[in-house]
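Observations on the model geometry
Each chain, written out:
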Amino acid sequence: MLSTLTNAPTIAPSDLREAMDSDTPPTVIDVRSGAEFSSAHIRGSYNVPLPLLAEHGEEFASRLPGQVVLICQSGARAQQANERLESVGVDPDTVTVLDGGIAGYESAGGEIVRGKGAWAMDRQVRMIAGSLVLAGVTASKLLSPRFVYLAGAIGAGLTYSAASNTCAMGAALSKMPWNRSADEPGLGTVLDSLPGRA
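What you see is a predicted model, and the numbers here were worked out from it, not measured in a lab. (Residues numbered from 1 in each chain as written. Predicted model: local features only at pLDDT ≥ 70, side-chain atom pairs only at ≥ 80, totals over all residues. Heavy atoms only, no water.)

Regarding the overall build of the chain
When its secondary structure is counted, the chain shows 10 helices and eight strands. Burial statistics for the chain: of 198 residues in total, 41% are counted as buried. Within the chain, residue pairs in contact and separated by at least 24 positions form 71% of the contacts whose partners lie at least 6 positions apart. When the accessible surface of the chain is totalled, it reaches about 10600 Å², and 59% of it is carbon and sulfur. (Helix = DSSP H or I, 4+ residues; strand = E, 2+ residues; numbered from the N terminus. Buried < 20%, exposed > 50% of the residue type's maximum accessible area, 1.4 Å probe, protein only. Contact = heavy atoms within 4.5 Å. Areas by Shrake-Rupley, 256 points an atom, 1.4 Å probe, with all protein chains shown as cover.)

Observations regarding the pattern of salt bridges
Side-chain pairs of opposite charge can arise whenever the charged atoms involved come near each other. If you walk through the whole model with that rule in mind, you get five salt bridges. Between E36 and R77 there is a salt bridge; the shortest N-O distance is 2.8 Å. In this pair, E36 sits in helix α2 (residues 34–39) while R77 sits in helix α5 (residues 76–87), placing the two residues 41 residues apart along the sequence. The buried category is assigned to E36, whose relative accessible area is 1%. (Salt bridge = Lys/Arg side-chain N within 4 Å of Asp/Glu carboxyl O.)

Some points on the nonpolar core
The nonpolar side chains of soluble globular proteins are, as a tendency, buried together. The biggest cluster of nonpolar side chains holds 18 residues, and the ones touching the most others in it are I29, V31, L53 and L70. For this core, the secondary-structure elements that each account for two or more residues are α3 (50–55), α4 (57–63), β6 (68–71), α5 and β7 (95–98). With residues up to four places along the chain from it excluded, the contact list for V31 reads V48, P49, L50, L53, L70, I71, C72, R77, A78 and A81. Core analysis: the next-biggest nonpolar cluster, separate from the first, contains 12 residues, L16, M20, L98 and Y105 among them. (Core = buried A, V, L, I, M, F, W, Y, C linked by side-chain atoms within 4.5 Å.)

Structural notes on a nonpolar patch on the surface
A cluster of nonpolar side chains, M127, I128, L132 and L150, forms an exposed patch at the surface whose accessible area comes to about 290 Å². Top element by residues in the nonpolar patch is helix α7 (residues 121–142). It accounts for three residues. Summarising the element assignment, I128 is placed in helix α7. (Patch = residues over 30% accessible without salt bridge, like charges linked within 9 Å, V, L, I, M, F, W, Y side chains within 5 Å.)

With respect to the environment of G115
The residue G115 is located in the loop between β8 (112–114) and α7 in this model. Separated by 77 residues in the primary sequence, G115 and S38 have C-alpha atoms spaced 5.7 Å apart. Every residue in contact with G115, bar those within four places of it in the chain, is listed here: S38 and S39.

Some words on the environment of V148
Looking at where V148 falls in the secondary structure, it is placed in helix α8 (residues 148–164). Residue classification places V148 among the partly exposed positions, given a relative accessible area of 40%. Distance in space between the C-alpha atoms of V148 and V137 is 5.4 Å, their sequence separation being 11 residues. Sequence-distant contacts of V148, that is, excluding residues within four places in its chain, are made with G136 and S140.

Some details on α5
Taking 1.5 Å of rise per residue, 12 residues should cover 16 Å, and α5 covers 17 Å from first to last C-alpha, within 8% of that figure. Turning to α5, its buried residues number three or more, namely A76, R77, A78, Q79, A81, N82 and L85. Looking at the residues trailing α5, positive phi occurs at G89, about 95 degrees. (Expected span 1.5 Å × (residues − 1).)

Thoughts on the pairing of β7
Of the two faces of β7, the one holding V95 and V97 and the one holding T96 and L98 are both buried throughout. Two strands pair when backbone bridges link them, and β6 and β7 are joined in this way by three bridges, in the parallel orientation. Following the sheet pairing, V69 is matched in β7 by T96. Following the backbone out of β6, through α5 and into the adjacent parallel β7, one traces a crossover that is right-handed. (Pairing = 2+ DSSP bridges. Right-handed = clockwise from strand over helix to strand, strands pointing away.)

Looking at the environment of G101
Residue placement: G101 occurs in helix α6 (residues 101–107). Each C-alpha atom, one on G101 and one on I71, is 5.5 Å from the other, the two residues being 30 residues apart in sequence. What G101 contacts, discounting residues up to four positions off in sequence, is C72, Q73, S74 and G75.

Shown next, in the form of structure tokens:
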């Protein structure tokens, strides 16, 4: 069952789970960081971190086989990847985005491969945002009432993030050392790992 969300076709987690069990499963491209992918991923998926895909969109466009499903933690980065691929001429009828991301897929009973790695990006954002709000409120009581503006700024940032379906804090966190594993895939490795066109 396909629906449309901000002009990008999406696929429900339960439908992807069924498609993965079929004789002709789609190619699943996970656009999270290498560290997030190492932590948990859909069995049979390929890791193409969003910054790599964004920088080399044309090369990936020429290698994508058949039906492709883009995934990330919640869907926002996969939507960005879809926009990038469309901008370099990928047929929009061949690419869909997993609605609800890997978290939704797991909730729908999909098989997830677990390993060691960083927390999921949305969990890291919640931890940092919550810690900053808590620090701001506590400091406003103990040090100066002006610290309450820190909590307000974080709230405004989260509101903007939800309204725009972007996350500046997530983008900044993705550059942190713990989110950049030693085995972060490079362009050649990723292109060689993708299945060829039919």
